[in-house]
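Chains, contacts and geometry: an overview
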Amino acid sequence: MSSSTVSRARTDSRAPDVPRGRRVRRQLPLSPWLFAAPGLAVIGVFILYPFVSTLVNAFTDRRTLIPGEFVGLANFRELMHDDMFWIGLRNSTLYVLGVVPALVILPLLLALLVQKNIPGITFFRSAFYTPVVASIVVVGLIWVWLLDERGLINSLLEAVGVGRVGFLSDQWLLLLSAMAVTVWKGLGYYMIIYLAALANVPRELHEAAAVDGAGAVRRFVTVTVPAVRSTMALVGALSSVAAFKVFSEVYLMAGPSGGPAGEDTTLVMLVQRTGTGLTGRVGYASAISVVVFVVTVALMLLVLRADRRGET
């Protein structure tokens, strides 16, 4: 058989594959969506649908067992005259002001400490991270037992002659105690974020600053802080949102009533109290949820904008 005949035979054998290749190309655009479908389904069911449902319910008078009707901005107008809403907004704002600065600075100092390769440092890294993996319910109950009127801390204070302190009965001390629990539990989480950022800081910068006579504090201010500025902004944004939406710590320490006369109620606690139960006002609770969403988005934008201004 001649070479021309062989080449024609090979060409003929490839001819049937052309339509098959075209069919494959027509099917390829659908393949990514098939892989993404499970994740998109989860997002749609557990994120998008609840978000849209809450947004719609905020403009209705829906209750737990009653569908409700459209009432426009009536729920938001009622919020302006609701004393408990303003108490919740005050406490959530104070929570952000008290928790965020601590969770931005203290984990960075902790990361600088555990970054050093000294004997036994692995144990301390694990110990600092342990509160992060512990259940918030367990952590909250432990701190309630510690701060109770007959708890360990009050017993020690009474033993040294200071007297018992109403950590869980005083309005402001209870809020400060909940803040301390939030900071204690979040230190290890943000420490890990800072450790990842510090690993990317060139050692030559510290060595050059040391040669110029800069001490540890000056190197921290002039080298470390500028190098991790974007990470500090990230930690500030994450901790701001988490602090404004705080629920578990205050709920466990103050109880469902929100402390003495409900003075320690936060906005998320108010949502839970208003929108649950057989007579829950779902529409009104949804309106509060919309306010929480708007404020948290505004907090994130403010932190990110401040970070951009710092870089310019």
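Located above this text is the structure these notes cover.
A brief structural summary. (Residues numbered from 1 in each chain as written. Predicted model: local features only at pLDDT ≥ 70, side-chain atom pairs only at ≥ 80, totals over all residues. Heavy atoms only, no water.)

**Overview of the overall build of the chain**
Selection rule: A run of DSSP states H or I qualifies as a helix once it reaches four residues; a run of E qualifies as a strand once it reaches two. Both are numbered from the N-terminal end. As a reference, a globule follows 2.2 Å times the number of residues to the power 0.38, and the radius of gyration itself is taken over C-alpha atoms. We call a residue buried when its accessible area falls under 20% of the maximum for its residue type, exposed when it is over 50%, and partly exposed in between, using a 1.4 Å probe and counting protein chains only. The contact criterion used is simple: two residues touch if any of their non-hydrogen atoms lie within 4.5 Å. Accessible surface area values rest on a Shrake-Rupley calculation with a 1.4 Å probe, where residue burial reflects the displayed protein chains alone. Note on charges: Lys and Arg go in the positive column, Asp and Glu in the negative column, and His and the chain ends are not counted at all. Where a charge lies is defined by one atom per residue type: Lys uses NZ, Arg uses CZ, Asp uses CG and Glu uses CD.
Looking only at helices and strands, the chain features 15 helices and zero strands. In summary, the chain has a C-alpha radius of gyration of 29 Å against a globular reference of 20 Å for 312 residues, an excess of more than 25%. Reported as C-alpha extents along the three principal axes, the dimensions of the chain are approximately 110 × 70 × 40 Å. Split into buried and exposed, the 312 residues of the chain put 34% on the buried side. Sequence separation of 24 or more characterises 68% of the internal contacts of the chain that already satisfy a separation of 6 or more. Total accessible area computed for the chain in this model is approximately 18,900 Å², and 67% of it derives from carbon and sulfur atoms. Distance from the positive charge centre (27 side chains) to the negative charge centre (19 side chains) of the chain: 16 Å.

**What to know about helix 14 (residues 267-275)**
Along an α-helix, residues three or four positions apart point the same way, because every turn accommodates 3.6 residues. For helix 14, the complete set of buried residues consists of L267, M269, L270, V271 and T274. Note on helix 14: the residue one or two positions beyond its end, G277, has a positive phi of about 95 degrees.

**Examining the pattern of salt bridges**
For clarity, the cut-off: Whenever Lys or Arg places a side-chain nitrogen within 4 Å of a carboxyl oxygen from Asp or Glu, that contact is recorded as a salt bridge.
Scanning the model with the defined rule gives three salt bridges in all. We note a salt bridge from R90 to E263, for which the minimum N-O separation is 3.3 Å. Here E263 lies in the loop between helix 13 (248-254) and helix 14 and R90 lies in helix 5 (residues 83-114), a separation of 173 residues in the sequence. We classify R90 as partly exposed; its relative accessible area is 29%. Residue E263 is classed as partly exposed on the basis of its relative accessible area of 22%.

**As for the packing of helix 5 against helix 6 (residues 121-133)**
Applicable threshold: To get an axis, fit a line to the C-alpha atoms, keeping to the stretch in contact for a helix; angles then go from 0 to 180 degrees between the N-to-C directions. Geometric relationships in this document are graded by angle, where less than 35 degrees denotes roughly parallel, more than 145 denotes roughly antiparallel, 65 to 115 denotes roughly perpendicular, and other angles denote oblique. Amino acids outside the nonpolar list (Ala, Val, Leu, Ile, Met, Phe, Trp, Tyr, Cys, Pro) and the charged list (Asp, Glu, Lys, Arg) are all regarded as polar, and Gly is one of them.
The interhelical angle for the contact between helix 5 and helix 6, taken along N-to-C directions, is 155 degrees, at an axis separation of 10 Å. For the element pair helix 5 / helix 6, the angle class is roughly antiparallel. On helix 6, the residues touching L110, L113 and V114 of helix 5 are I121, R125 and F128. Here the contact of helix 5 with helix 6 is composed, by residue class, of five nonpolar, no polar and one charged.

**Here's the deal with the side chain of N75**
Within the secondary structure, N75 sits in helix 4 (residues 74-80). If sequence neighbours within four positions are ignored, N75 has contacts with N57, A58, F59, T60, R281, G283, Y284 and A287.

**Re the packing of helix 10 (residues 203-211) against helix 11 (residues 216-227)**
Quick note on the threshold: Crossings are classed by handedness, with left-handed meaning an anticlockwise turn of the near helix from the far one by less than a right angle and right-handed meaning a clockwise turn.
The interhelical angle for the contact between helix 10 and helix 11, taken along N-to-C directions, is 145 degrees, at an axis separation of 10 Å. The chirality of how helix 10 crosses helix 11 is right-handed. Of the residues in helix 11, those in contact with L205, H206, A209 and A210 of helix 10 are R219, V223 and T224. Among the residues forming the contact of helix 10 with helix 11, the class breakdown is four nonpolar, two polar and one charged.

**So, the environment of P256**
Counting through the fold element by element, P256 comes out in the loop between helix 13 and helix 14. When the C-alpha atoms of P256 and M84 are compared, they prove to be 14 Å apart, with 172 residues separating the residues in sequence. Those residues in contact with P256 that sit more than four places away from it in its chain are Y251, M269 and R273.

**Observations regarding the nonpolar core**
This is how it is decided: Definition of nonpolar core: a set of buried residues of the types Ala, Val, Leu, Ile, Met, Phe, Trp, Tyr and Cys, connected through side-chain atoms within 4.5 Å.
The biggest cluster of nonpolar side chains holds 58 residues, and the ones touching the most others in it are L79 and Y95. For this core, the secondary structure elements donating two or more residues are helix 4, helix 5, helix 7 (136-147), helix 9 (171-198), helix 12 (229-244), helix 13, helix 14 and helix 15 (282-311). Top element by residues in this core is helix 9. It accounts for 13 residues. Excluding anything up to four places from it in sequence, L79 contacts F85, W86, Y284, A287, I288 and V291.

**A look at the side chain of S240**
As for its position among the elements, S240 is in helix 12. S240 has contacts with V96, V100, L299 and V303, leaving out every residue within four places of it along the chain.

**Looking at helix 12**
The condition that has to hold: In this analysis, the expected span of each helix is defined as 1.5 Å times one less than the number of residues it contains.
Across its 16 residues, helix 12 extends 22 Å between first and last C-alpha, which sits within 8% of the 22 Å expected from 1.5 Å per residue. For helix 12, the set of buried residues is T231, M232, A233, V235, G236, A237, S239, S240, V241, A243 and F244.

**Quick look at the packing of aromatic side chains**
Our working rule: In this analysis, rings of Phe, Tyr and Trp, with Trp reduced to its six-membered ring, are considered paired at centre separations within 6.5 Å, and the interplanar angle assigns stacked below 30 degrees, edge-to-face beyond 60, and tilted for intermediate values.
Scanning all chains against the criterion turns up eight aromatic pairs. Measuring from centroid to centroid gives 5.5 Å for F59 and F76, while their planes differ by 45 degrees, and the two rings are tilted. Separated by 17 residues along the polypeptide, F59 in the loop between helix 3 (31-57) and helix 4 and F76 in helix 4 bring together distant segments of the chain. Given a relative accessible area of 26%, F59 falls into the partly exposed group. Between F124 and F128, the aromatic rings sit 6.4 Å apart at their centres with planes inclined by 40 degrees, giving tilted as the arrangement. Of the two residues, F124 and F128 both sit in helix 6, four residues apart, roughly one turn of that helix. Overall, F124 belongs to the partly exposed group, its relative accessible area being 42%.

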